[in-house]
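Listed here are the chains, written in short residue letters.
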Amino acid sequence: MHELSLIESMLSLVEEERQRQDFSRVLKIRLDVGALGHAEPDALLFCFDAAARGTIADGATLTIVMIPGEGNCPDCHRIVLLDHRFGDCPLCGGIQVRMTAGDELRLAELEVE
Ligand SMILES: [Zn+2]
(Lines give C-alpha, C1' and ligand atoms only; values in the text may rest on other atoms or scores of the structure.)
Protein backbone atom coordinates (compact mmCIF):
# COMPACT_ATOMS: atom_id res chain seq x y z
CA MET A 1 0.00 0.00 0.00
CA HIS A 2 1.28 3.40 -1.07
CA GLU A 3 0.05 5.16 2.07
CA LEU A 4 2.05 2.83 4.29
CA SER A 5 5.35 3.94 2.78
CA LEU A 6 4.31 7.57 3.19
CA ILE A 7 3.53 6.97 6.85
CA GLU A 8 6.79 5.12 7.34
CA SER A 9 8.81 7.98 5.94
CA MET A 10 6.87 10.38 8.14
CA LEU A 11 7.67 8.24 11.18
CA SER A 12 11.35 8.31 10.34
CA LEU A 13 11.17 12.11 10.23
CA VAL A 14 9.63 12.04 13.69
CA GLU A 15 12.44 9.79 14.83
CA GLU A 16 15.04 12.19 13.40
CA GLU A 17 13.34 15.00 15.24
CA ARG A 18 13.60 13.07 18.47
CA GLN A 19 17.35 12.80 18.06
CA ARG A 20 17.53 16.57 17.87
CA GLN A 21 14.98 17.48 20.56
CA ASP A 22 15.09 14.50 22.88
CA PHE A 23 11.42 14.09 23.79
CA SER A 24 9.83 11.01 25.28
CA ARG A 25 6.40 11.02 23.72
CA VAL A 26 4.58 12.39 20.70
CA LEU A 27 1.16 13.82 21.49
CA LYS A 28 0.01 15.19 18.17
CA ILE A 29 1.10 15.09 14.59
CA ARG A 30 -0.33 17.24 11.83
CA LEU A 31 0.17 16.24 8.25
CA ASP A 32 -0.59 18.49 5.31
CA VAL A 33 -1.72 16.34 2.42
CA GLY A 34 -2.24 17.67 -1.10
CA ALA A 35 -5.70 16.99 -2.49
CA LEU A 36 -4.18 16.19 -5.88
CA GLY A 37 -1.74 13.66 -4.52
CA HIS A 38 -2.61 10.02 -4.37
CA ALA A 39 -2.91 9.57 -0.65
CA GLU A 40 -6.30 8.81 0.89
CA PRO A 41 -6.73 10.38 4.34
CA ASP A 42 -8.57 7.34 5.67
CA ALA A 43 -5.86 5.02 4.48
CA LEU A 44 -3.19 7.27 6.01
CA LEU A 45 -4.95 7.18 9.38
CA PHE A 46 -5.35 3.45 9.18
CA CYS A 47 -1.70 2.89 8.28
CA PHE A 48 -0.58 5.26 11.01
CA ASP A 49 -2.36 3.26 13.70
CA ALA A 50 -0.60 0.13 12.58
CA ALA A 51 2.83 1.55 11.76
CA ALA A 52 3.17 3.74 14.84
CA ARG A 53 2.66 0.88 17.24
CA GLY A 54 5.78 0.42 19.35
CA THR A 55 7.41 3.59 18.01
CA ILE A 56 7.87 6.97 19.68
CA ALA A 57 4.62 8.05 17.99
CA ASP A 58 2.55 5.25 19.50
CA GLY A 59 -0.69 6.74 20.83
CA ALA A 60 -0.22 10.11 19.15
CA THR A 61 -3.18 11.80 17.51
CA LEU A 62 -2.75 12.19 13.78
CA THR A 63 -4.56 15.07 12.13
CA ILE A 64 -4.68 15.30 8.37
CA VAL A 65 -5.25 18.64 6.70
CA MET A 66 -6.08 18.55 3.01
CA ILE A 67 -4.35 21.21 0.92
CA PRO A 68 -6.38 22.19 -2.16
CA GLY A 69 -4.85 21.93 -5.60
CA GLU A 70 -3.56 25.17 -7.01
CA GLY A 71 -1.84 26.19 -10.19
CA ASN A 72 -0.29 29.13 -11.95
CA CYS A 73 -1.85 30.00 -15.30
CA PRO A 74 0.64 31.51 -17.77
CA ASP A 75 -2.20 32.71 -20.02
CA CYS A 76 -4.12 34.89 -17.58
CA HIS A 77 -1.31 35.17 -15.01
CA ARG A 78 -3.40 34.13 -12.10
CA ILE A 79 -3.28 31.55 -9.36
CA VAL A 80 -6.26 29.25 -9.83
CA LEU A 81 -7.78 26.30 -8.00
CA LEU A 82 -7.27 22.96 -9.66
CA ASP A 83 -9.64 19.99 -9.39
CA HIS A 84 -7.16 17.62 -10.88
CA ARG A 85 -3.52 17.46 -11.71
CA PHE A 86 -3.72 18.48 -15.35
CA GLY A 87 -6.82 20.65 -15.08
CA ASP A 88 -7.52 23.56 -17.41
CA CYS A 89 -7.62 27.11 -16.10
CA PRO A 90 -11.14 27.69 -14.69
CA LEU A 91 -10.88 31.41 -15.52
CA CYS A 92 -9.61 31.54 -19.10
CA GLY A 93 -9.65 27.90 -20.19
CA GLY A 94 -5.87 27.89 -20.66
CA ILE A 95 -4.32 24.45 -20.79
CA GLN A 96 -0.84 25.28 -19.58
CA VAL A 97 -1.61 25.63 -15.90
CA ARG A 98 1.39 24.61 -13.86
CA MET A 99 0.52 22.94 -10.59
CA THR A 100 2.00 24.79 -7.59
CA ALA A 101 0.19 23.15 -4.68
CA GLY A 102 -1.83 20.04 -4.01
CA ASP A 103 0.84 17.39 -4.24
CA GLU A 104 2.53 17.78 -0.89
CA LEU A 105 2.82 15.52 2.07
CA ARG A 106 4.38 17.50 4.83
CA LEU A 107 4.91 16.99 8.52
CA ALA A 108 3.40 20.33 9.52
CA GLU A 109 3.25 20.12 13.28
CA LEU A 110 4.64 17.95 16.00
CA GLU A 111 3.54 18.26 19.60
CA VAL A 112 5.76 16.42 22.03
CA GLU A 113 6.59 16.13 25.70
ZN1 LIG B 1 -5.99 31.29 -17.08
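Residues numbered from 1 in each chain as written. Predicted model: local features only at pLDDT ≥ 70, side-chain atom pairs only at ≥ 80, totals over all residues.

> Account for the pairing of strand β3 (residues 69–73), with residues named and values stated.
In β3, alternate side chains face the same way, and those of Gly69, Gly71 and Cys73 are buried while those of Glu70 and Asn72 on the opposite face are not. In this structure, β3 lies alongside strand β4 (residues 78–82), joined through five bridges in antiparallel fashion. Counted as the bridge partner of Cys73 is Arg78 from β4. The antiparallel hairpin formed by β3 and β4 contains four residues in its connecting segment, where His77 sits at a positive phi of about 55°. (Buried ≥ 20, exposed ≤ 12 C-beta atoms within 10 Å, placed from the backbone. Helix = DSSP H or I, 4+ residues; strand = E, 2+ residues; numbered from the N terminus. Pairing = 2+ DSSP bridges.)

> Go over the environment of Thr61, please, and point to the residues and values.
Within the secondary structure, Thr61 sits in strand β2 (residues 61–67). Once residues within four sequence positions are removed from consideration, Thr61 is found in contact with Leu27 and Lys28. (Contact = placed C-beta atoms within 7 Å.)

> Please provide a residue-by-residue account of helix α1 (residues 2–21), values included.
An ideal rise of 1.5 Å per residue puts 28 Å on 20 residues; α1 measures up with 29 Å between its terminal C-alpha atoms. Residues of α1 that are buried: Glu3, Leu6, Ile7, Met10 and Leu11. With its buried residues spanning 135° around the axis, α1 presents them on a single face. Opposite the buried face of α1, at more than 90 degrees from it, the exposed residues are Ser5, Ser9, Ser12, Glu16, Gln19 and Arg20. (Expected span 1.5 Å × (residues − 1). Arc of directions from axis to C-beta.)

> Account for the environment of Ala60, naming residues and giving values.
For Ala60, the position within the fold is in the loop between α2 (41–51) and β2. Through-space distance from the C-alpha of Ala60 to that of Val26 is 5.5 Å; in sequence the pair is 34 residues apart. Leave out the neighbours within four places in its chain, and Ala60 touches Val26, Leu27, Lys28, Ile29 and Ala52.

Purely geometric numbers; function is a separate question.
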